[in-house]
Amino acid sequence: MTGMETGGLLYRVWVPPEPESARQVRRHLEDCLLRWGLLDRFPVEAVGLVATELFTNALKHGKQDGRAVLVVARWRGEVFRVEVHDRNPQGPVLTWPTDQDTEGRDLVLVDALCQRWGHLPKRTGGKFVFAEIPARKEGV
Ligand SMILES: Nc1ncnc2c1ncn2[C@@H]1O[C@H](COP(=O)(O)OP(=O)(O)O)[C@@H](O)[C@H]1O
Ligand SMILES: [Mg+2]
């Protein structure tokens with residue numbers, strides 16, 4: 001159970017597998033928040049950051065071989081969820097980088113901004129990585 005099977009709102013987009021698409025991914029998700037009337041309820045910066053980090057990981061580790069990357073946004077209640085699909089069945093691993101490391105920091109950020117994240121296999125092969133951004137607390 002992922003807790004998101006029913007209800008809520010859903011948006012899907014396929015994005016070209018290029019680093020330049022990161023900006024497009026961010027815009028698509030910001031548009032979702034705008035259209036769904038959620039700009040006051042969810043931290044737009046955090047949603048954009050999480051989405052671009054997951055998208056970048058799909059390009060870097062996802063074995064896409066030139067295929068477009070499916071990005072999904074789901075909103076239900078107090079959770080805004082981002083999913084990025086790729087072709088690598090292996091999931092991401094949270095590593096704690098040292099001061100010298102220049103890589104391996106992305107998921108630390110995702111972990112800090114999200115209440116829950118993980119990955120699930122796809123029947124057609126590959127997997128998707130999901131990350132759930134919580135609504136702002138009332139009055140913050
Ligand atoms: N979409 C993914 N598919 C497979 N492995 C992944 C994916 N995203 C991340 N990983 C694994 O988790 C590790 C940590 O990811 P991350 O913190 O984003 O660091 P980086 O991308 O700089 O290596 C990666 O080195 C990689 O081994
Ligand atoms: Mg990364």
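Each chain carries its own residue numbering, running from 1 in the direction its sequence is written. Whichever chain is written first is A, and whichever ligand is written first is 1; the rest continue in order. For a predicted model such as this one, the threshold for reporting local features is a pLDDT of at least 70, and the threshold for listing and counting side-chain atom pairs is 80 or more; totals across whole chains, interfaces and linings nevertheless cover every residue. To get the side-chain values, all heavy atoms of the structure are used, and hydrogens and water are removed first.

### Describing the environment of Pro134
Move 1: Of note, Pro134 is situated in strand β5 (residues 127-134).
Move 2: Using a relative accessible area of 25% as the deciding quantity, one classes Pro134 as partly exposed.
Move 3: Remark: the alpha-carbon pair of Pro134 and Ala73, spanning 61 residues in sequence, is separated by 13 Å.
Move 4: When checking whether two residues touch, look at their non-hydrogen atoms; a contact exists if any pair is within 4.5 Å. Residues within four places of Pro134 in sequence aside, it is in contact with Phe42, Pro43, Glu78, Leu113, Cys114 and Gln115. Secondary structure counts use DSSP, requiring at least four H or I residues in a row for a helix and at least two E residues in a row for a strand, with both numbered from the N terminus. Note on classification: 1.4 Å probe, protein chains only; a residue is buried when its accessible area is under 20% of the maximum for its type, exposed when over 50%, partly exposed between these limits.

### Topic: the pattern of salt bridges
Between side chains of opposite charge, pairing is possible as soon as their charged atoms come close.
Move 1: Whenever Lys or Arg places a side-chain nitrogen within 4 Å of a carboxyl oxygen from Asp or Glu, that contact is recorded as a salt bridge. Summed over all chains, the structure comprises 7 salt bridges.
Move 2: The partner of Arg74 in a salt bridge is Glu83, and the shortest N-O contact between them spans 2.8 Å.
Move 3: We classify Arg74 as partly exposed; its relative accessible area is 23%.
Move 4: The partner of Arg81 in a salt bridge is Glu83, with the nearest N and O atoms 3.0 Å apart. Each member of the pair, Arg81 as well as Glu83, is classed as buried.
Move 5: Linked through salt bridges whose partners overlap, the residues forming this network are Arg74, Arg81, Glu83, Arg116 and Glu132.

### Overview of the site of ligand 1
Move 1: We call a residue near a given molecule or strand whenever any one of its heavy atoms falls within 4 Å of it. Of all residues adjacent to ligand 1, which total 15 residues, the nearest are Asn57, His61, Asp86, Gly104 and Lys127.
Move 2: Any pair of nitrogen or oxygen atoms within 3.5 Å is treated as a polar contact; in protein, a donor-acceptor pairing is required on top of that, and neighbouring residues in sequence qualify only through side-chain atoms on both sides. In the environment of ligand 1, an oxygen atom lies 3.0 Å from a nitrogen or oxygen atom belonging to the backbone of Leu107.
Move 3: Taking 530 Å² as the accessible area of ligand 1 by itself, protein coverage stands at 85%.
Move 4: If you list the elements that add at least two residues to the shell around ligand 1, you get α2 (44-61) and α3 (106-113).
Move 5: No other element matches α2, which puts 3 residues into the shell around ligand 1.
Move 6: Amino acids are sorted into nonpolar (Ala, Val, Leu, Ile, Met, Phe, Trp, Tyr, Cys and Pro), charged (Asp, Glu, Lys and Arg) and polar (every other residue, Gly among them). For the shell around ligand 1, the residue count by class is 3 nonpolar, 6 polar and 6 charged. Using the Shrake-Rupley algorithm and a 1.4 Å probe, accessible areas are obtained, with residue cover drawn only from the displayed protein chains.

### Some details on the sheet that holds β5
Sheet strands pair via backbone hydrogen bonds, and the direction of the pair is either parallel or antiparallel.
Move 1: Two strands qualify as a pair provided DSSP detects at least 2 bridges between them. Overall, antiparallel pairing links the 5 strands, which are arranged β1-β2-β3-β5-β4 in an open sheet. A single partner strand is all that each edge strand has here, and the edge strands are β1 (9-15) and β4 (116-121). Taking the axes of each pair of neighbouring strands and ignoring which way they run, one obtains an average angle of 15 degrees across the sheet.
Move 2: Each axis is a line fitted through C-alpha atoms, and for a helix only the stretch in contact is used; angles between axes span 0 to 180 degrees, taken between their N-to-C directions. Its contacts with the sheet place helix α1 (residues 21-35) against β1, β2 (69-76) and β3 (79-86), and it is angled at close to 160 degrees to β1.
Move 3: Sheet contacts for α2: β1, β2, β3 and β5; angle to β3, the most-contacted strand, approximately 15 degrees.

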